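Breakdown of the fold
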Amino acid sequence: AEGGLNYHELFLIQDAAGAVRIVDVYPFMSGELLSQTVRRMTIPLVAMAQQGPGERTGLAARGAEFVAEGQNGQKMAQLVMEGKREEALAVYARLPASMKKEKVFLLLRLTAAQGGSEADYQAAIDEFEKEFPRDPSLDMILIDGLLFKKRYDEVMTCLDRLEKSIG
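Residues numbered from 1 in each chain as written. Predicted model: local features only at pLDDT ≥ 70, side-chain atom pairs only at ≥ 80, totals over all residues. Heavy atoms only, no water.

With respect to the layout of surface pockets
By volume, the largest pocket amounts to about 440 Å³. Every residue lining the largest pocket is counted, 22 residues in all, and those nearest its centre are N6, M29, S30, L107 and T111. Residue assignment for the lining of the largest pocket shows that the elements contributing at least two residues are α1 (34–51), α5 (103–114) and α7 (138–148). No other element matches α5, which puts 7 residues into the lining of the largest pocket. When grouped by side-chain class, the residues that make up the lining of the largest pocket number 12 nonpolar, 7 polar and 3 charged. (1 Å grid on protein atoms, 1.4 Å probe; cavity = no way out; pocket = protein on both sides within 12 Å on 5 of 7 lines; lining within 4 Å. Points joined across faces, edges and corners; volume = space filled by probe spheres on them. Helix = DSSP H or I, 4+ residues; strand = E, 2+ residues; numbered from the N terminus. Nonpolar A, V, L, I, M, F, W, Y, C, P; charged D, E, K, R; others polar.)

Here it is as structure tokens:
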């Protein structure tokens, strides 16, 4: 009812006992395997732990930011699940500029903005496109924004690319 679309591809194996198990998930909205998302977020945390306390640089500094802002990410996700979209967007607005460009926070912003004003939602779509112009999830994300703008030919182009990638 509030719009939005996602598609999840499940990667399955059959274990030695014959049970079928999910080994990874590719949510098209994130444009990467769930294992890749976890890896991307874990590497800076490992770097931070290896560098130890004190002034952190590079990946370790990013890891420290993830730790500092991780509660805000959890809070945003919880607020979105509770339907408190404006509160979730307020949490996003208070994030440091570097964290506002992280994919996980941009996706949370998109989800929060989806049920609010068209202007907020379009701004979230535009920001994601600016930060991740070649991301595999972009077609999935752009569809709503293009529908708002009544750019139906471009919607169809996105759908055609999605159909090709989904198979």
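Regarding the side chain of Q114
Positionally, Q114 belongs in helix α5. Taking the relative accessible area as the measure of exposure, Q114 reaches 19% and is therefore buried. Here the side chain of Q114 touches Y121 through a polar contact of 3.4 Å, side chain to side chain. (Buried < 20%, exposed > 50% of the residue type's maximum accessible area, 1.4 Å probe, protein only. Polar contact = N/O pair within 3.5 Å; in protein donor to acceptor, adjacent residues only side chain to side chain.)

Overview of the packing of aromatic side chains
For the coordinates displayed, the defined rule picks out 4 aromatic pairs. Between Y26 and F28 the ring centres are 4.8 Å apart and the planes differ by 80°, which places this aromatic pair in the edge-to-face class. Through pairs of rings, three or more aromatic residues link up here, namely Y7, Y26 and F28. A cation sits over an aromatic face here: K103 above F132, 5.7 Å from the ring centre. (Phe/Tyr/Trp six-rings, centres within 6.5 Å; stacked < 30°, edge-to-face > 60°. Lys NZ or Arg CZ within 6 Å of the ring centre and 35° of its normal.)

Let's talk about the pairing of strand β2 (residues 20–27)
Here strand β1 (residues 8–14) pairs with β2 via 7 bridges, running antiparallel. When the sheet's bridge partners are listed, I13 is paired in β2 with R21. Where β1 folds back onto β2 in an antiparallel hairpin, the turn is made up of 5 residues, including G18, whose phi is positive at roughly 90°. (Pairing = 2+ DSSP bridges.)

What about the nonpolar core?
The biggest cluster of nonpolar side chains holds 31 residues, and the ones touching the most others in it are M76, F105, L110 and F128. Looking at this core, the elements that each hand over two or more residues are α2 (58–81), α3 (85–93), α5, α6 (118–131), α7 and α8 (152–166). Among the elements that line this core, the one with the most residues is α5, at 7 residues. Beyond its immediate chain neighbours, meaning those up to four positions away, F128 contacts K103, L106, L107, L110, D135, S137, L138 and I141. (Core = buried A, V, L, I, M, F, W, Y, C linked by side-chain atoms within 4.5 Å. Contact = heavy atoms within 4.5 Å.)

Regarding the pattern of salt bridges
Evaluation of the coordinates by the stated rule reveals 7 salt bridges. Here R161 ties to D139 by a salt bridge, and the two come within 2.6 Å at their closest N and O atoms. With R161 in helix α8 and D139 in helix α7, the pair connects residues that are 22 residues apart, well separated along the chain. Taking relative accessible area as the criterion, R161 reaches 43% and is therefore assigned partly exposed. Exposure remark for D139: the relative accessible area of 13% places this residue in the buried category. (Salt bridge = Lys/Arg side-chain N within 4 Å of Asp/Glu carboxyl O.)

That is the geometry; function is a separate question.
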